[in-house]
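Here is how the chains run, residue by residue.
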Amino acid sequence: MEKPIIEIKNVTKIYKVGNEKVLALDNVSLDINEGDFCCLLGTSGSGKSTLLNLMAGIEKITKGEIIIKGKDITKMGEHQLAKFRQKYLGFVFQSYNLIGSLTALENVTLPLIFKEVPNKKRIQMATEMLKSVGLEERMKHKPTQMSGGQQQRVGIARAFVSKPEIVFADEPTGNLDTKTTMEIMDIIKKVASENHQTIVMVTHDKRIAEYADKVVNIHDGHIENIEILGGNKNEKNN
Ligand code: ADP
Ligand code: MG
């Protein structure tokens, strides 16, 4: 069998706040396969964002290993981790995190600048990506000149433009209405499957989790169970 693209092994995360300790993740293990659309589903405070942030190298782990593409990212130095993220990972945020002074097109070219893609090629790639999220008419608009749904499409275009193998998304539709949510989910699913990308998405909303093919139910810092959708398999967590 193929090796999972992400391997989470006995991961514990404890936050220290003054003298208090918060056990946010308690010995969690999980494999995510290449091309999976995986949702981390759970109520607020269950540890979803913590797990995502550890996978993305944004938070420091307390115990355990997180192996992505065969490399333990918890053992990487800052520089190595930054390079790794640039090469393999994309991010979609709930609050879009677009740069307000830049147009949609400029926002989407940003990751390509960091990757040192030549100017002409950058514009071509960003334009194509914005078209595929249905924003060809909004290329020159700045974030404040767009609706929330449009801003998130820019956010998606930016996350996917360099075709990262893995895209992490934390409640990407959390600020959007139901109709726009469905549109955004369809776009993410379409773009990801076209490029055979792996998606790990955090949500508290069961209806959103239904877009995934693997739903990881998280409760109180534990994985309760993993549901494989689309088939009738129900894989129990180890
Ligand atoms: P979720 O994303 O599922 O809502 P989080 O992963 O954000 O949950 O949080 C899990 C637990 O860890 C919660 O009890 C939360 O209060 C705590 N927590 C999260 N981030 C921090 C932090 N930076 N410092 C201290 N405690 C935190
Ligand atoms: Mg969260």
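One can find the structure itself at the top, above this paragraph.
Because the structure is predicted, anything quoted here is derived from the model rather than measured.

Calculation criteria
Residues numbered from 1 in each chain as written. Chains lettered and ligands numbered in written order. Predicted model: local features only at pLDDT ≥ 70, side-chain atom pairs only at ≥ 80, totals over all residues. Heavy atoms only, no water. Helix = DSSP H or I, 4+ residues; strand = E, 2+ residues; numbered from the N terminus. Contact = heavy atoms within 4.5 Å. Pairing = 2+ DSSP bridges. Axes fitted to C-alpha atoms, helices over the stretch in contact; angles between N-to-C directions. Core = buried A, V, L, I, M, F, W, Y, C linked by side-chain atoms within 4.5 Å. Buried < 20%, exposed > 50% of the residue type's maximum accessible area, 1.4 Å probe, protein only. Expected span 1.5 Å × (residues − 1). Arc of directions from axis to C-beta.

Q: In this structure, what is going on with the environment of Ala212? I would like to understand it.
A: Looking at the secondary structure, you find Ala212 in the loop between helix 7 (206–209) and strand 9 (214–219). Sequence-wise, Ala212 and Leu229 are 17 residues apart; in three dimensions their C-alpha atoms are separated by 7.1 Å. Dropping the residues within four chain positions of it, Ala212 is found in contact with Phe37, Cys38, Cys39 and Leu229.

Q: When you look at the sheet that holds strand 6 (residues 89–92) in this model, what are you seeing that I'm missing?
A: Strand-to-strand pairing in sheets goes through backbone hydrogen bonds, with the strands running parallel or antiparallel. Pairing in this open sheet of six strands is mixed, and the strands run 6-7-8-3-9-10 from one edge to the other. Looking along the sheet, the strands with just one partner apiece sit at the ends: strand 6 and strand 10 (222–228). Geometrically, the sheet is characterised by an average inter-axis angle of 20° between neighbouring strands, direction not taken into account. Bridge count between strand 3 (residues 37–41) and strand 9: four bridges; the pairing is parallel.

Q: Would you explain the nonpolar core in this entry?
A: A general feature of soluble globular proteins is that nonpolar side chains tend to end up buried together. Leu130, Phe160 and Met201 are the most contacted members of the largest nonpolar core, which has 40 residues in total. Listing elements by their share of this core, those giving two or more residues are strand 3, helix 3 (104–114), helix 4 (119–132), helix 5 (148–160), strand 7 (166–170), helix 6 (178–194), strand 8 (198–203) and helix 7. Tallying contributions element by element places helix 6 first for this core, with six residues. Excluding residues within four positions of it along the chain, Phe160 makes contact with Met129, Val167, Ile188, Val191, Ala192, Gln197 and Ile199. In this structure, Leu40, Ile66, Ile73 and Ile218 belong to the second largest nonpolar core, which totals 33 residues.

Q: Help me understand helix 6, please; the structure alone is not making it clear to me.
A: Because an α-helix completes one turn every 3.6 residues, residues spaced three or four positions apart along the sequence face the same direction. If you check helix 6, its first and last C-alpha atoms are 24 Å apart, about what 17 residues at 1.5 Å a residue would give, namely 24 Å. When helix 6 is considered as a whole, its buried residues turn out to be Thr180, Thr181, Ile184, Met185, Ile187, Ile188, Val191 and Ala192. Relative to the axis of helix 6, the buried residues are bounded by an arc of 160° and lie together on one face. The exposed set on the far side of helix 6, more than 90 degrees from its buried face, consists of Lys179, Ser193 and Glu194.

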